[in-house]
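Notes for the structure review
What follows is the residue order along each chain.
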Amino acid sequence: MDPSQNLLAVVYVVPGGPHQSHKTVHVDLRALNDDSVHPQAAGRTLVLSGLPKFNTGYAKLKGFGRHIALLRRQHGTPIASPNSSERMWQLQIWDWKNSITSNCVLSNTFLDLRQEFDISFLGNNRLLVVTDDLKLDSIEDMSRTPQLMACFLLPFALPDLGCPLLTPDDSNVQHSSEPQMQTPQTMYTSDPKYQLLCITLSYRTQVFIISTRIFSDLDGIVGTTSIPWKRWGPSNTRIFKHAGPCSVYVSGNRVLQAFPIHKSYTQYVLHVMDFSPLAVANRRGLGQVVKESSTVFIGPSGESLTTSLPYVDVELDRKFGSDSVDLEGIWADQNGIYLLNANWQCKNETDILSDTPQSRWLEVIGL
């Protein structure tokens, strides 16, 4: 959903074919205000490229400006390979205003059955694909497969850590390629050059915060087969490791993290972290500037990783949560921080068996 373009893109699956397991995926483009065909779309339904002998088990959409991307996780059909557990991922990108068809397609086999994948648009012409490493692709020419620009190696394979969740923020990247008037920078203004990506691993107990500046400063590394972690990672990343699951939200240069406390992990404290260089240089007495390197032990064999991306850390002076209240989500904007809470207090035996909380409410913390 993109309210700025009055766009609602809907992905749905229709069973069909001679075998009950066969499913067809469709993507419809609608106007958000009245559910009609979007007036700027090249057509109502996008045409998909299918992988032969593979069925879709999972699909989701991502969009940015003129681009819409469909991510699919697929598996071999029983007819094609009855004993096979082969899994594939496929990515297809459309310039939805100009064509309902697309040759901009990527696909590959998962290296591990536990492996996941995700993407993030980095402006109008670049795409970051996260699988077993970080691949930066050019999508400037939509008539062909995305072109690899650089491959950034991770310190170890993601499947050993769990399912990655990529949390990009595109709110401050201009959709237009025309020059934009620059506004005076303050510590409260998000700098598009220093947008952040967040990868959460191992049931949200490990959080990688990565500055996207490394994906724009490619002097001397374009065309390199692979860039080792030690060359790009430590100075452009900050890793946090938590004792229990952590809720995290990224907006521009800022990260909002709910740090679990106590062994029950039902209470937490909120940290607002600003990773923009301007905030680090001019904190004006707010929070603590963290410039020192930090080392965590992480990965399948407990490898030590040292990272040093500077930031300003502000801890809110109260604790949140309780034994019966869970934090289901956090997000923020220029006006405040929003906490979605759920009350799981059980009053009777029926409540114990229920997968629905007694109540949910939104708490707002003003900034």
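Considerations on the overall build of the protein
Counting secondary structure elements, the protein contains three helices and 25 strands. Within the protein, the fraction of its 367 residues that count as buried is 45%. Residue pairs at least 24 apart in sequence account for 53% of intrachain contacts in the protein once pairs closer than 6 positions are excluded. Total accessible area on the protein is roughly 18800 Å²; 51% of this is exposed by carbon and sulfur atoms.

Focus on the confidence of the model for the protein
Per-residue confidence for the protein gives a mean pLDDT of 77, with 72% of residues at or over 70. Confidence, expressed as mean pLDDT per element, reaches its minimum in the protein at helix 3 (residues 349-353) with 53 and its maximum at helix 1 (residues 229-236) with 94. Low pLDDT, under 50, characterises residues 159-163; the predicted model gives this stretch 16 contacts beyond four residues in sequence or across chains.

Focus: the pattern of salt bridges
Per the counting criterion, the structure on display carries eleven salt bridges. The closest approach of N and O atoms between Asp95 and Arg66, which form a salt bridge, is 2.8 Å. One end of the pair, Asp95, is in strand 6 (residues 87-95); the other, Arg66, is in the loop between strand 4 (54-64) and strand 5 (67-76), and 29 residues separate them in sequence. For Asp95, a relative accessible area of 13% corresponds to the buried category. Its salt-bridge partner being Arg360, residue Glu328 comes within 2.6 Å of it at the nearest N-O pair. Here Arg360 lies in strand 25 (residues 359-366) and Glu328 lies in strand 23 (residues 325-332), a separation of 32 residues in the sequence. Put simply, Asp28, Arg30, Asp35 and Arg44 are held in one network by salt bridges that share partners.

Brief notes about unusual backbone geometry
Here Asn6, not a glycine, exhibits a phi torsion of approximately 55°, which is positive. Summarising the element assignment, Asn6 is placed in the segment before strand 1 (7-15). Asn6 gets classed as partly exposed once you look at its relative accessible area, which sits at 25%. Of note in the backbone geometry, Asp35 takes a positive phi value of approximately 65° without being a glycine. Counting through the fold element by element, Asp35 comes out in the loop between strand 2 (23-31) and strand 3 (45-46). Residue Asp35 is classed as partly exposed on the basis of its relative accessible area, which comes to 42%.

Some points on the pairing of strand 6
Most of strand 6 sits out of view: nine of its nine residues are buried. On strand 6, burial covers both faces: Arg87, Trp89, Leu91, Ile93 and Asp95 on one face and Met88, Gln90, Gln92 and Trp94 on the other are all buried. Two elements, strand 6 and strand 7 (residues 104-109), share six bridges in a ladder whose sense is antiparallel. Residue pairing across strands places Ile93 opposite Cys104, the latter belonging to strand 7.

Thresholds, definitions, all that
- Residues numbered from 1 in each chain as written.
- Predicted model: local features only at pLDDT ≥ 70, side-chain atom pairs only at ≥ 80, totals over all residues.
- Heavy atoms only, no water.
- Helix = DSSP H or I, 4+ residues; strand = E, 2+ residues; numbered from the N terminus.
- Buried < 20%, exposed > 50% of the residue type's maximum accessible area, 1.4 Å probe, protein only.
- Contact = heavy atoms within 4.5 Å.
- Areas by Shrake-Rupley, 256 points an atom, 1.4 Å probe, with all protein chains shown as cover.
- pLDDT = per-residue confidence, 0-100.
- Salt bridge = Lys/Arg side-chain N within 4 Å of Asp/Glu carboxyl O.
- Pairing = 2+ DSSP bridges.

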